[in-house]
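# Report on the structure
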Amino acid sequence: MPVPTQFQTPSPAEPRTDPQATPPLDPPSRRRDWWPMVRPLVLRLHFYAGVLVAPFILVASVTGLLYTIAPQVEQIAYHELTHVSPADGQATLAAQVAAARATHSDGAVLRVDVPEAADRTTRVVFTDESVPAGYDMSVFVNPYTGQVEGQVRSYGQWLGFRAWLDDLHRNLHLGALGRDYSELAASWLWVVALGGLALWVGRRRRERRTGRLLMPDPSTSSGHRLDARGRARVMSWHGAIGVWVLLGALVLSVSGVTWSRYAGANVEELRTALAWMKPLPATSLEGETSAVGHEHHGPGTATSGENPDALLVHGVGIDGVLATAREEGLGDPLYLTPPTDADSAWTAAENKRDWPTSYDTVAVDPASGAVVDRVDFADWPVMAKVTTWTIGAHMGILFGVANQIVLAALAIGLIALTLLGYRMWWLRRPRGVSRLRFGRPAPRGAWRRLPRTVLVGGVAVTVLVGWFFPLLGISLVAFLLIDVALAAARRRRRAG
């Protein structure tokens, strides 16, 4: 008959052990146990970001959704300006620019957009003091008759209504201060998205339902009935939609930050330091000799200011620059930028932003029409190309209508996520309380249970991220102060 285990005597070869002692965790188990310790911190951050930053993300999503229809609206609204009936013979570009100047006597010529099809007009872009800062005035000329079709204010490539929507999305028409809203949204979006993903995956693992990451829960599932208020069902929709839009949200966040005031400046410095910037052709003609046609660089040349368009017609003129660009194989859309002074070259640049993209650029000597420098898109740094493609996708122009549909779906998904998040917040309010309260975040003090290495590393990463994304860092400090204030208020209520 076997001896009961509790009465067995250990053999001398076996070390005595305390049966109540907790066995040491091996490294894999220790790693697995990190998430329960980190989860409350992630949940608390996700809660505050969801409550306080979500309005900015919601506004950016709504305005972004409106922006997805902008290309079609622009084509309809300005069709008479941008389209003409093809005819025989064309006026020279110089004559077309002169016609545009006749209707716009003030301002400098910034750019001339060559017609990219037989039924398109020539666009001459002028500076204009009568339009808001950052805007220009675009004058459209019929290339066959040389007659001006009309003019409209523009922002970069965008005309009128599309420029207005772009401004609404970027800064709510509030200028530089308004850009802070979009920077907050872009800076926090990736944090909220990745934090939400971690929480949702962790929840599904606890429920042993990782196969349903992409699917919301039915009203009842596997014998598990959702609570009476339906918060768990709302959460399941919130989590599933979040997984579907995750990749797009990260792309929107990264590309949106590049346009921001503060984090955008840090991104530009980083790109410069890593040689990820878009390369530009050299346009300086200083040091060239008269043998190649630069005898006009002395005093009393076209820079005297008496004729602001003198550089447009000097030497080979704008038509000669166009001929050189075509000889070099540059295609449409083609933008011609005049010299800034008599010691600078023209720039002829492709601007094909849809797929496949094309940005080959040449600098052309205005006197001789010779190519001074050339930069092909194929020679750009890989990250400069990736940045250009990412921004194009963000603006809905990289893949045309398909790109717009994906952006619209992303915007709708982000709107739904925000509204579902607020619904969960409302359902989690204390029972029996009808008036609005801030809600109940995850328990405090989770950071004390973290291993020191994880805590130190987490603080270092947080400080670095807060420095690189200044508005994120400032708002994170604000969350901490709010959390401390709420905790102090609770202690006073309990003490009272």
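So, a few notes on the structure that sits alongside this text. (Residues numbered from 1 in each chain as written. Predicted model: local features only at pLDDT ≥ 70, side-chain atom pairs only at ≥ 80, totals over all residues. Heavy atoms only, no water.)

With that settled, the discussion passes to helix α12 (residues 382-394). Between its first and last C-alpha atoms α12 spans 18 Å; for 13 residues at 1.5 Å apiece the expected length is 18 Å, and the two agree. Listed in full, the buried residues belonging to α12 are A384, K385, T387, T388, I391, G392, A393 and H394. Packing partners of the buried residues in α12 comprise α6 (160-171), α8 (231-257), α9 (263-273) and α13 (400-427). Following α12 by one or two positions, G396 adopts a phi angle in the positive range, close to 80°. (Helix = DSSP H or I, 4+ residues; strand = E, 2+ residues; numbered from the N terminus. Expected span 1.5 Å × (residues − 1). Buried < 20%, exposed > 50% of the residue type's maximum accessible area, 1.4 Å probe, protein only. Contact = heavy atoms within 4.5 Å.)

Under the counting rule described, the total for this entry stands at 15 aromatic pairs. Relative to W164, the ring of F161 lies with its centre 6.3 Å away and its plane at 15°, an arrangement referred to as stacked. Pair noted here: F161 and W164 are both in helix α6, with a separation of three residues, about one helical turn. Residue classification places F161 among the partly exposed positions, given a relative accessible area of 31%. On the basis of relative accessible area, W164 is assigned to the partly exposed category, the value being 37%. A centroid spacing of 4.8 Å and a plane angle of 65° characterise the contact between F377 and W380, whose relative ring orientation is edge-to-face. Comparing F377 with W380, the two get one shared label, buried. Joined through ring pairs, the aromatic side chains of W355, Y359, F377, W380, W389 and F399 make up one cluster. Sitting above the plane of the Y335 ring, R111 keeps its charged end 4.4 Å from the centroid. (Phe/Tyr/Trp six-rings, centres within 6.5 Å; stacked < 30°, edge-to-face > 60°. Lys NZ or Arg CZ within 6 Å of the ring centre and 35° of its normal.)

A separate point is a positive patch on the surface. On the surface, R491, R492, R493 and R494 cluster together to form a positively charged patch. If you trace the backbone, R493 turns up in helix α15 (residues 470-495). Assessed through its relative accessible area of 57%, R493 is described here as exposed. (Patch = residues over 30% accessible without salt bridge, like charges linked within 9 Å, V, L, I, M, F, W, Y side chains within 5 Å. Areas by Shrake-Rupley, 256 points an atom, 1.4 Å probe, with all protein chains shown as cover. Salt bridge = Lys/Arg side-chain N within 4 Å of Asp/Glu carboxyl O. Lys, Arg positive; Asp, Glu negative; His and termini not counted. Charge placed at Lys NZ, Arg CZ, Asp CG, Glu CD.)

Mapped onto the fold, E350 is located in strand β9 (residues 346-350). Among buried Asp, Glu, Lys and Arg side chains, E350 stands out as unpaired, with R374 the closest opposite charge at 6.4 Å. A polar side-chain atom of E350 sits 2.6 Å from the main-chain amide nitrogen of G331. Non-local contacts of E350, meaning those with residues more than four positions away in its chain, are made with G329, L330, G331, P333, L334, S358, Y359 and D360. (Polar contact = N/O pair within 3.5 Å; in protein donor to acceptor, adjacent residues only side chain to side chain.)

This paragraph deals with the sheet that holds strand β3 (residues 136-141). Taking strand neighbours across the sheet as the criterion, the nine strands line up as β5-β4-β3-β2-β1-β8-β9-β10-β11 in an open arrangement whose pairing is antiparallel. Each edge of the open sheet is held by one strand with a lone partner, namely β5 (158-159) and β11 (371-375). Pairing of β3 with strand β4 (residues 148-155) involves six bridges; the strand directions are antiparallel. Bridge pairing in β4 places M137 opposite R153. (Pairing = 2+ DSSP bridges.)

So, on to the pattern of salt bridges. Tallied over the entire structure, the rule returns 16 salt bridges. For R120, the salt bridge goes to D119, with nearest N and O atoms at 3.7 Å. In this structure, the salt-bridge partner of E207 is R203, at a minimum N-O distance of 3.4 Å. With relative accessibility at 28%, the residue E207 sits in the partly exposed group. We classify R203 as partly exposed; its relative accessible area is 22%. In the salt-bridge network here, residues are joined through shared partners; they are R203, R204, E207, R209 and D217.

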